[in-house]
Structures are given as C-alpha cells and as structure tokens.
Amino acid sequence: MFQHVEAYPGDPILSLNEAFGKDPRTNKINLSIGIYFDDAGKIPMLPSVRTAEHKVVADAGARPYLPMEGAANFRTAVQELLFGADSAAVKAGRVVTIQAVGSSGGLKVGGDFIKRYFPTSTMLVSDPTWDNHKAVFEGCGLTVKTYPYYDAATGGLRFDAMIEALKVAEKKSIVLLHACCHNPTGVDLTQEQWQQLVPVLKERELIAFLDLAYQGYGDGIVEDAYAVRLLAEQGLSFFVANSFSKSMSLYGERCGALSVVCPDAAQAVNVLGQMKATIRRNYSNPPLHGGQLVARVLSDPELRPMWEAEVVAMRDRIQLMRRKLHDVLSAKLPGRDFSYFLTQRGMFSYTGLTAEQCDRLKEEFGVYLVRSGRMCIAGLNTGNVEATASAIAAVLA
C-alpha cells in the first residue's frame, strides 16, 4: 500500500538533538536545539510559572473545549504584552488575536489564511532564516523566496541590500521579519533601521509577518516589542506570531499566538472569523492548560513582576556566556575577531564555522552545532564554555 512513500530525511535540528541523546560520551555538549538551559544544564521550571500552575490547578473545574480562537483571558493578555496597555490599535478594535499551538501553529494558521486571501503573493524570508519557516509556508502552498540579510564577512546585517531588495519586491508580497533575536544569526535591526523599513513596506504595499519567539531575550520585554508597536502606530496591517516556550520555559505546552493588525474594526471582525475557520480545518481548537498558565502569569500582580525578573536573569546569563566565549576564544586565537559574539543578541549566534568544522566538533569533541554553524548560546554554562571555546579554537586553527 505505501511502497511509493519515500523516507523522511528528518529535521536537521531535531535529528541532531536525537543523535546527541544517543552519544555515550559523558563530556558531550549540546548547542544545537533552541532551548534555554540554566547554568546546571537543566531546563528551568520558573517559580512564577510553578506558582501560577498551583493556582490554576486549585481553581480548575470542568475542562470544556476552548473556542476556536482560544481563551479570552489569554488573548487579551497577549495583546497587552505585544502592543502595550494603551495601544490605540487595540482600543480601536483593529487587532485580533488567536491562541495557537505554539508560534509554529500561528505561522501555519497565518500561512493558510494568506494562501486563501492572497493566493498570488510570494513569501519573502531572510537569508538565512529558521529552517522551519520555509517548510511551514511551502506546506501552505506559498512560494518562498529570500531577501539579503546576514553579512558573513562582518557577522552583521546587510541592511542596505535588504532595503534595496524590498524596494523592488512585488506588491502584496509577504515579508517574514524577526522582531528580535534573529534565528539563526542573532543579528537584529536597530530601532532606526526599523523606522527606515516602514516607508518601504508602505510604498510597496508589502505585508509584514513578524515572528517574535524570544521576547525578553534581546534588550527587554518592552524593548523587544518595538517593531510590533512601531508598525501598529504607523497604521500598517500585518501579522505577528509569538511564543512563550522560551520566555516561560513552557516548551511542551505549545503556548503561542497569532495576532493580525487590520485597517479597521470591521475588517478585523472578518479576519478573525476566517482565522477561526482556518483553525477549525487544522486542529479545531487549542489546548487549555498551558494558555491558562500564561494568562495567570501575565495578569497576576504578584506573578508578573516575578516573571519579568526571571526573564532578566535568563537574558543576563546568556549575555554572560557570550562574553566568556568571546574572551576565551580571543585569548586562544588572538589574531581573529570574535566581536560578533558580543553584538549578536538572543539565544543564537552564527559562528562562521563551516559544515565540515561542525562535523569535526561533533565527532572529535562531542560539541553539537547545527551544520550551518548556528550555536545555541543558551546551551553554554560555566562548566562547559571553556571546553567549547577550546574545541572551536582547535577546528579553526
């Protein structure tokens, strides 16, 4: 019956993580998968989330299906987090939000919606971008192309080339933009560059689709929402998918959302209705538990500041590891410039290592990086950062 079905080659990141799990070496180091680990190398259970869970469970009653668009308290909390408590767009009814199965679910719902109502539009993604972006949007039937982004020579941003490419993009193209902490490079637009991007989006009638998976890991919870709030204030219509996997350490709960900013409240009503229809065709409605943990943390006057302090601590630890890695590598290879580890932000960095060098790291030293050279900085800790730096120095020498 299924002889014509070809083998699945596997996701490059998840397959590498599986290989790490099978590696018998005790000194192995996992810098592949995008998960925040604490300094003991463990996925943390945040005290704010643990307390929220006790409260949610204590208050729990029956567990009915949620509405297709998700829980109202979750959706309201997400809008305030992304757009601000006094957002004019939210007050005007221009913003609609659905609770998604992780931000990946938000990307999928958004992609299906775009394919139906903008069927000839091309999806433009940064070069490079998260591997699954291309897979999700091509799975929705969209044509996916790239625009210039990462500068391998400097470890920075090819902003001028990016702008020039978008100036000649077909009208109504969808532009996938990382709101902060770009995955996989860690290279972000500055606030001034976001401001320069807005007129191009308007003039070419481009539709921005922001991915905000790491809010709080860049400069701060409010600061990392700068692009979202700027585009809303400038009157643009756009999509934004966001996730709480990293910021609340809720990976397996699949807590995400998709928000759409519309020209007016009447169009917003129709957009929400058709997103609900899209959800019904996909997974019918989202799960209950994880979203209620998020809603409780964001709305509880005691838990919210506790969580914000925890995010600061996670961000500070990542930055500390960046500095330590930079310092050790600079000492071991004094003729090379590793400053990009300090300027790139968030969980990830592009190391500049080739696929062959990444293979050597894995085989000879038990250090696992994605073959693109992407490193998850959050996998470093005080116990393994020097060994990692020594291994990288060895393959670069």
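Before reading further, recall that the structure is shown in the block above.
For clarity, every value in this text was computed on a predicted model and none was experimentally measured. By convention here, each chain's residues receive numbers from 1 onward along its written sequence. pLDDT decides what is reported in this predicted model: residues at 70 or higher carry local features, side-chain atom pairs at 80 or more are listed and counted, and totals for whole chains, interfaces and linings draw on all residues regardless. To obtain the side-chain values, all non-hydrogen atoms of the structure were used and water was disregarded.

Colleague: Honestly, the packing of aromatic side chains in this entry has me stumped. Any pointers?
Modeller: Remark: the centre distance and the inter-plane angle together describe each pair of aromatic rings, the angle taken between the planes. Between the rings of Phe, Tyr and Trp (Trp by its six-membered ring), a pair exists once the centres lie within 6.5 Å; its type follows the angle of the planes, with under 30 degrees stacked, over 60 edge-to-face, and the other angles tilted. Applying the stated criterion across every chain, the model contains 13 aromatic pairs. Both rings, one in Phe209 and one in Phe239, keep their centres 5.1 Å apart while their planes meet at 15°; by these two values the pair is stacked. With a gap of 30 residues between them, Phe209 in strand S8 (residues 207-212) and Phe239 in strand S9 (residues 238-243) connect regions that are remote in the sequence. Summary of the burial criterion: residues with accessible area below 20% of their type's maximum are buried, those above 50% are exposed, and those between are partly exposed, where the area comes from a 1.4 Å probe applied to protein chains only. We classify Phe239 as buried; its relative accessible area is 4%. By the criteria applied, helices consist of DSSP H or I runs no shorter than four residues and strands consist of E runs no shorter than two, each listed in order from the N terminus.

Colleague: So what exactly am I meant to see when it comes to the sheet that holds S8 here?
Modeller: Sheets are built from strands that pair by backbone hydrogen bonding, the pairs being arranged parallel or antiparallel. Pairing between two strands requires that DSSP report at least two bridges joining them. Pairing is mixed in the open sheet, where seven strands are placed in the order S2-S10-S9-S8-S7-S3-S4. A single partner strand is all that each edge strand has here, and the edge strands are strand S2 (95-101) and strand S4 (143-148). Looking at each pair of strands side by side, their axes are set apart by 25° on average, direction ignored. Sheet analysis places S8 next to S9, joined by five bridges and oriented parallel. By the bridge assignment for S9, Asp211 is matched with Ala241. Only the contacting stretch of a helix is used when fitting its axis, a line to C-alpha atoms as for every element, and angles between N-to-C directions run 0 to 180 degrees.

Colleague: Is there a simple way to explain the pairing of S8 in this structure?
Modeller: Every other side chain in a regular strand lies on the same face of the sheet, so the side chains alternate between the two faces. When you tally the buried positions in S8, you get six out of six residues, the bulk of the element. Alignment of strand S7 (residues 174-178) against S8, held across five bridges, turns out to be parallel. The partner of His178 across the bridge, within S8, is Asp211. By definition, the crossover connecting two strands over a helix is right-handed if that path, from the first strand to the second, turns clockwise as seen with the strands pointing away from the viewer. Each parallel crossover has a hand, and the one from S7 via helix H8 (residues 191-203) to S8 is right-handed. The β-α-β motif built from S8, the intervening helix H9 (residues 226-233) and the parallel element S9 has right-handed crossover chirality.

Colleague: Before we go on, may I ask you to explain the side chain of Asn285 in this structure?
Modeller: For Asn285, the location among the structural elements is in the loop between helix H10 (265-282) and helix H11 (289-299). Judged by its relative accessible area of 18%, Asn285 is buried. Two N or O atoms count as a polar contact when they lie within 3.5 Å, although within protein this holds only if one can serve as hydrogen donor and the other as acceptor, and sequence-adjacent residues are included solely when both atoms are side-chain atoms. Looking at Asn285, its side chain comes within polar contact range of the main-chain oxygen of Leu66, at 3.2 Å. The criterion used for residue contact is that any of the two residues' heavy atoms lie within 4.5 Å. Ignoring anything within four residues of it in the chain, the contact list for Asn285 reads Tyr65, Leu66, Pro67, Met68 and Ile279.

Colleague: Would you mind going over the pattern of salt bridges with me for this structure?
Modeller: Charged atoms that come close allow side chains of opposite charge to pair. Take a side-chain nitrogen of Lys or Arg and a carboxyl oxygen of Asp or Glu: if they are within 4 Å of each other, that pair is a salt bridge. By the definition in use, this model includes 17 salt bridges. A salt bridge links Asp300 to Lys55, with the shortest nitrogen-to-oxygen separation between them at 3.0 Å. Linking Asp300 in the loop between H11 and helix H12 (303-332) with Lys55 in helix H2 (residues 47-59), this pair joins segments that are 245 residues apart in sequence. By relative accessible area, which is 11% here, Asp300 ends up buried. The class of Lys55 is partly exposed, set by a relative accessible area of 27%.

Colleague: Hey, could you run me through H8 in this one?
Modeller: Every α-helix carries 3.6 residues per turn, so stepping three or four residues along brings you back to the same face. For H8, every residue scored as buried is listed here: Gln193, Trp194, Leu197, Val198, Val200 and Leu201. Where H8 is buried, its residues touch strand S6 (156-157), helix H7 (159-167), S7, S8 and H9. Immediately beyond the C-terminal end of H8, within one or two residues, lies Glu205, with a positive phi of roughly 55°.

Colleague: Even after reading the chapter, I still don't get the environment of Phe159, so can you show me in this structure?
Modeller: Relative to the helices and strands, Phe159 is located in helix H7. Taking the relative accessible area as the measure of exposure, Phe159 reaches 6% and is therefore buried. Along the chain, Phe159 and Lys115 lie 44 residues apart, while their C-alpha atoms are 28 Å from each other. Apart from residues no more than four positions distant in its own chain, Phe159 is found in contact with Leu189, Gln193 and Gln196.

Colleague: Could you clarify how one ought to interpret the state of the cysteines in this entry?
Modeller: Covalently bonding the sulfur atom of one cysteine to the sulfur atom of another cysteine gives a disulfide. Counting rule for disulfides: a pair of cysteine sulfur atoms within 2.5 Å. Applying the stated rule across the entire model yields zero disulfides. Here Cys262 stays free of any disulfide, with the sulfur of Cys140 as its closest cysteine sulfur at 18 Å. Cys358 takes part in no disulfide bond, and the closest cysteine sulfur, belonging to Cys376, lies 14 Å away.

These values are about where atoms sit, not about what they do.
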